[in-house]
Amino acid sequence: MIRLLAVILLLVAGVLGLVLPLLPGWPFLLLALYMLGLVSKRRLLKGLKRLGGKRGGLLRKLIACLIIKVVYRRRLNLK
C-alpha cells in the first residue's frame, strides 16, 4: 500500500516536473517506473547519472537521497 502511494506521488511529481520549469520531471518518472518493475536497476542508475545541474545543488541531493533510499533500501543519514 505504501509502495503504491509512493509510486503515485512520484508519478505526480514527474508530471508536474514536465510542466513546471523549475522541477525536473524525468528522474521522478524513471524512479516510479523502476518501482513498478518496468525499468531495470542498471538502466535506472545509468539514466540518473545524466542528471544535470550544479554538482552540489539541493534538488540533485534530494533526488540522490530518494534514489539511495528506494534502490539500495538503506537508511538515510542526512547530517
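Look a little higher up for the structure.
Residues numbered from 1 in each chain as written. Predicted model: local features only at pLDDT ≥ 70, side-chain atom pairs only at ≥ 80, totals over all residues. Heavy atoms only, no water.

### Focus on the overall build of the protein
Basically, it comes down to this: A run of DSSP states H or I qualifies as a helix once it reaches four residues; a run of E qualifies as a strand once it reaches two. Both are numbered from the N-terminal end. Burial here depends on accessible area, computed with a 1.4 Å probe over protein chains only, as a share of the maximum for the residue type. Under 20% is buried, over 50% is exposed, and the range in between is partly exposed. Each accessible area value is a Shrake-Rupley result obtained with a 1.4 Å probe; residue values ignore everything except the protein chains displayed when judging cover.
For the protein, the count of helices and strands is 4 helices and 0 strands. Per-residue burial over the protein gives 28% buried out of 79 residues. Carbon and sulfur atoms make up 66% of the accessible area of the protein, which amounts to about 6200 Å² in all.

### Structural notes on the nonpolar core
Let me state the cut-off plainly: Side-chain atoms within 4.5 Å link the members of a nonpolar core, which is a set of buried Ala, Val, Leu, Ile, Met, Phe, Trp, Tyr and Cys residues. Whether two residues are in contact is decided by their heavy atoms, any of which lying within 4.5 Å being enough.
Grouped together as the largest cluster of nonpolar side chains are 13 residues, with contacts concentrated most on Leu10, Tyr34, Met35, Leu44 and Val71. The dominant element in this core, judged by the number of residues it contributes, is helix 2 (residues 26-36), at 6 residues. Beyond its immediate stretch of four places on either side in the chain, Leu10 contacts Phe28, Leu29, Leu31, Ala32 and Met35.

### A few points about the environment of Val71
Within the secondary structure layout, Val71 lies in helix 4 (residues 58-71). For the pair Val71 and Leu31, spaced 40 residues apart in the sequence, the C-alpha separation amounts to 8.8 Å. When sequence neighbours within four positions are dropped, the list of residues in contact with Val71 reads Tyr34, Lys41 and Leu44.

### Details of the environment of Tyr34
Position of Tyr34 relative to the elements: it lies in helix 2. Residues Tyr34 and Leu44, 10 residues apart in the sequence, show an inter-C-alpha distance of 6.9 Å.

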